Amino acid sequence: KPAEKPQPKVSEPKQEKEQAKEGGVVLTTKAPAKLAAGQTAITATRLELGKSVVFRMTGAAPIKTKTLLLKDPNRYVLQGNWGIQLPRVPKDLWISGIRLGHHEESTRLVFELTRAPVSAKVVKINNTTVEVRIQ
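These figures come from a predicted structure and were not determined experimentally.

Procedures and definitions
- Residues numbered from 1 in each chain as written.
- Predicted model: local features only at pLDDT ≥ 70, side-chain atom pairs only at ≥ 80, totals over all residues.
- Heavy atoms only, no water.
- Pairing = 2+ DSSP bridges.
- Helix = DSSP H or I, 4+ residues; strand = E, 2+ residues; numbered from the N terminus.
- Axes fitted to C-alpha atoms, helices over the stretch in contact; angles between N-to-C directions.
- Core = buried A, V, L, I, M, F, W, Y, C linked by side-chain atoms within 4.5 Å.
- Buried < 20%, exposed > 50% of the residue type's maximum accessible area, 1.4 Å probe, protein only.
- Contact = heavy atoms within 4.5 Å.
- pLDDT = per-residue confidence, 0-100.
- Phe/Tyr/Trp six-rings, centres within 6.5 Å; stacked < 30°, edge-to-face > 60°.
- Lys NZ or Arg CZ within 6 Å of the ring centre and 35° of its normal.

Engineer: I keep staring at the sheet that holds strand β5 (residues 66-70) and nothing clicks. Help me out?
Structural biologist: Either a parallel or an antiparallel arrangement is found when strands of a sheet pair, and the pairing is made through backbone hydrogen bonds. With antiparallel pairing, the four strands of this open sheet are ordered in space as β5-β6-β9-β8. The open sheet has two free edges, formed respectively by β5 and β8 (95-103), since each of these has just one partner strand. Neighbour-to-neighbour, the strand axes of this sheet turn through a mean angle of 15°, independent of strand direction. In this sheet, strand β9 (residues 106-113) lies alongside β8 in antiparallel orientation, the contact comprising eight bridges. Within the sheet, the bridge partner assigned to Gly 101 lies in β9 and is Arg 108.

Engineer: Whenever I open this one, the nonpolar core confuses me. Can you help?
Structural biologist: General note: in soluble globular proteins, nonpolar side chains tend to be found buried as a group. Membership of the largest hydrophobic core comes to 23 residues, with the highest contact counts inside it found for Leu 47, Phe 55, Met 57, Ile 95, Leu 109, Phe 111 and Ile 134. Elements with a contribution of two residues or more to this core: β2 (25-30), β3 (40-49), β4 (53-59), β6 (75-80), β8, β9 and β11 (129-134). Contact partners of Phe 55, with chain neighbours within four places excluded, come to Thr 45, Arg 46, Leu 47, Ile 84, Leu 86, Pro 87, Leu 109, Phe 111, Val 130, Glu 131 and Val 132.

Engineer: How should I be thinking about the confidence of the model for the chain in this particular structure?
Structural biologist: Reading fine detail from the predicted coordinates is not recommended where pLDDT is low. Confidence along the chain averages 83 in pLDDT terms, with 83% of residues attaining 70 or more. Confidence, read as mean pLDDT per element, is least for strand β1 (residues 16-19) in the chain (46) and greatest for β11 (96).

Engineer: Is there a simple way to explain the packing of aromatic side chains in this structure?
Structural biologist: Each aromatic ring pair is summarised here by two numbers: the centre-to-centre distance and the angle between the ring planes. On inspection of all chains with the given rule, the structure shows one aromatic pair. Summarising the aromatic geometry, the rings of Phe 55 and Phe 111 are spaced 5.5 Å apart at their centres and angled 70° between planes, so their arrangement reads as edge-to-face. Placement of the pair is Phe 55 in strand β4 and Phe 111 in strand β9, with a sequence separation of 56 residues. Lying across the ring of Trp 94, Arg 115 places its NZ or CZ 3.8 Å from the centre.

Structure, rendered in structure tokens:
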């Protein structure tokens, strides 16, 4: 039986693209290489851009979030305590980017919106998966 070759460690997460149902684009990432103390690993993200924005996070443990919708400029904030790797966001009708920040013992994602949303909410899919839906 031949010995298995060890897989090289990749520090830069792989980003994959696939076609969205409504003609948009879907970007995915895997878990980050390192976590800070106390953080929940987000093992996968999925960002679907089309007529709306759908951002799904799946964690290694239950995901807790707080949200905030801000104006001037329009932003949707998702806050928790996770280690996450974000996809690179192309110029889109809805969002100009997603910023990631760490403040004390929390992680903050800021979706920079190009216009005021009709609705923006977090939907709990199951104990370890949540989805941000912006329309």
